[in-house]
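What follows is the residue order along each chain.
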Amino acid sequence: MDPLDAGAGSILRQPKAVWATAGASVVAFMGIGLVDPILPSIARGLDATAGQVSLLFTSYFLITAIAMLLTGFVSSRVGGRRTLLLGLAFVVVFAGLAGTSGSVGRLVGFRAGWGLGNALFVSTALAVIVGAAAGGSAAAILLYESALGLGMACGPLLGAVLGNISWRYPFFGTATLMAIGFLCITAFLKEQPKPARRTSLLDPLRALGHGGLASAAVSAFFYNYTFFTVLAFTPFVLDMSPYRSGAVFFAWGLLLAVFSVIVAPRVQERFGSLKVLGGSLVLLAADVLVLGYGDHTTAVVCTVLSGAFIGVNNTVYTELALGVSDAPRPVASAGYNFVRWFAAAAAPWFAPKIEEWTDVHMPFVVAAVTAALGAVVVLVRRRALTLEAAEQAPRHASQDGVGVFAN
């Protein structure tokens with residue numbers, strides 16, 4: 001599906017409830033990369049090592065992975081609006097507390113609570129946007145993915161601007177923006193219809209019994225390790241000021257957004273999802289390998305360039321998770337994300353450890369290998385991944401009320 005087919009008019013002419021949810025989604029996705037440009041500043045401010053500070057990502061995504069089993073359980077019982085507000089409340093509280101931390105241990109703990117709130121919010125936001133949007137599910141999905149790309153791009157920029165004053169300010173800034181999102185959703189979003197069937201805690205795990213979905217999850221697990229090695233470890237390698245690091249990851253986020261929303265659907269239509277995914281994973285592997293062994297300028301260029309491959313991969317993996325199995329799409333997505341977000345928790349912890357055990361190049365060698373392993377899984381399991389997810393995803397989203405933290 002060409003993303004432009006949805007029509008610019010239908011995308012822009014949305015109810016206030018949709019804009020409120022989409023705006024809060026931008027801030028929620030900003031929270032992922034917000035700490036990137038200030039990781040060295042946090043380490044200096046709290047007298048912590050790179051490995052300790054990287055646990056900000058580990059605690060965040062470990063809780064996010066586990067919470068994937070809870071989001072459908074909660075939203076199918078209390079409704080989408082209340083789930084969004086609960087998630088926002090968690091983020092406001094724990095992001096604010098993170099800014100008051102006096103030790104890296106407390107900061108890591110508060111970041112875990114933030115991860116729970118973000119999981120509850122983001123996993124429900126797309127379902128709410130699809131349910132409330134004008135112009136059909138295609139326009140809603142494009143609006144959601146645009147919010148994701150904008151958030152991933154602006155997070156490092158906000159972190160740099162506020163972090164240049166103090167490493168604490170980005171946390172307070174996020175809490176403030178999410179509080180505004182809480183008020184907007186309270187004012188403009190009406191409660192959405194509850195699903196006809198309640199989701200149990202074990203439904204996402206049962207969905208992984210499908211070979212295609214399990215294959216997509218395993219491949220995405222390897223890919224996410226590479227993704228979050230770039231996101232969480234590279235700032236220490238670049239060793240730049242918050243402004244410069246923020247600019248690098250802002251450019252990275254812009255490429256991610258453009259390739260996710262515009263480029264990926266077009267190359268999929270021409271070459272097919274699995275060929276595009278396999279090729280993009282191989283190119284990402286080559287990119288991070290050069291990043292690890294190049295000079296400083298080369299590392300900057302390769303960091304920015306990785307955003308293009310990550311954007312393509314995010315879109316294709318999302319469509320595979322939505323379309324490859326016959327499980328209800330929120331359930332399939334929760335199972336898929338439960339697996340892959342463990343890699344996002346592992347990479348920020350292992351990368352600094354691998355550097356301590358070997359040298360600064362080896363974490364990127366491992367990241368290149370994991371990206372290549374993701375491509376191998378796609379190649380070996382291609383028959384299990386052959387459903388036309390790209391064509392089915394919009395239809396499933398409108399039928400099932402997709403709740404994905406899939407990008």
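Description of the structure in this document. Computed from a prediction, not measured in an experiment: that's the story for all the values here.

Structural notes on the overall build of the protein chain
- Scanning the protein chain from terminus to terminus reveals 16 helices and zero strands.
- Counting all 407 residues of the protein chain, 60% fall into the buried class.
- Intrachain contacts of the protein chain at a sequence separation of at least 6 include 88% that bridge at least 24 residues.
- Carbon and sulfur atoms form 66% of the exposed surface of the protein chain, whose accessible area is close to 15000 Å².

Quick notes on helix α15 (residues 362-380)
- If you check α15, its first and last C-alpha atoms are 27 Å apart, about what 19 residues at 1.5 Å a residue would give, namely 27 Å.
- Among the residues making up α15, those that are buried are Pro 363, Phe 364, Ala 367, Ala 368, Thr 370, Ala 371, Gly 374, Ala 375, Val 377 and Val 378.
- Contacts made by the buried residues of α15 are with α10 (211-238), α12 (273-293) and α14 (329-357).

Quick word on the environment of Tyr 243
- If you trace the backbone, Tyr 243 turns up in helix α11 (residues 242-271).
- Sequence-wise, Tyr 243 and Pro 156 are 87 residues apart; in three dimensions their C-alpha atoms are separated by 9.1 Å.
- Sequence-distant contacts of Tyr 243, defined by excluding residues within four places in its chain, comprise Ala 160, Val 161 and Asn 164.

Some remarks on helix α6 (residues 104-132)
- For α6, with 29 residues, the first-to-last C-alpha span of 41 Å sits near the 42 Å given by 1.5 Å per residue.
- Counted residue by residue, α6 has 22 buried out of 29 residues, so it is predominantly covered.

Digging into a nonpolar patch on the surface
- On the surface, Leu 70, Leu 201, Leu 202 and Leu 205 cluster together into a nonpolar patch covering about 310 Å² of accessible area.
- Turning to its location among the elements, Leu 202 is positioned in the loop between α8 (169-188) and α9 (203-207).
- By relative accessible area, Leu 202 is classed as partly exposed at 46%.

Quick word on the packing of helix α4 (residues 50-78) against α14
- Packing of α4 against α14 brings their axes to within 8 Å, and their N-to-C directions diverge by 170°. The pairing of α4 with α14 is recorded here as roughly antiparallel in orientation.
- Grouping the constituent residues of the contact of α4 with α14 by class yields 18 nonpolar, five polar and no charged.

Considerations on the side chain of Thr 58
- In this structure, Thr 58 sits in helix α4.
- According to the relative accessible area criterion, Thr 58 is buried, its value standing at 13%.
- Here Ala 345 takes part through its backbone oxygen, which lies 2.8 Å from a polar atom of the side chain of Thr 58.
- When residues no more than four places from it in sequence are discounted, the contact partners of Thr 58 are Ala 345, Pro 348 and Trp 349.

Each value, and the rule that gives it
- Residues numbered from 1 in each chain as written.
- Predicted model: local features only at pLDDT ≥ 70, side-chain atom pairs only at ≥ 80, totals over all residues.
- Heavy atoms only, no water.
- Helix = DSSP H or I, 4+ residues; strand = E, 2+ residues; numbered from the N terminus.
- Buried < 20%, exposed > 50% of the residue type's maximum accessible area, 1.4 Å probe, protein only.
- Contact = heavy atoms within 4.5 Å.
- Areas by Shrake-Rupley, 256 points an atom, 1.4 Å probe, with all protein chains shown as cover.
- Expected span 1.5 Å × (residues − 1).
- Patch = residues over 30% accessible without salt bridge, like charges linked within 9 Å, V, L, I, M, F, W, Y side chains within 5 Å.
- Salt bridge = Lys/Arg side-chain N within 4 Å of Asp/Glu carboxyl O.
- Axes fitted to C-alpha atoms, helices over the stretch in contact; angles between N-to-C directions.
- Parallel < 35°, antiparallel > 145°, perpendicular 65-115°, else oblique.
- Nonpolar A, V, L, I, M, F, W, Y, C, P; charged D, E, K, R; others polar.
- Polar contact = N/O pair within 3.5 Å; in protein donor to acceptor, adjacent residues only side chain to side chain.

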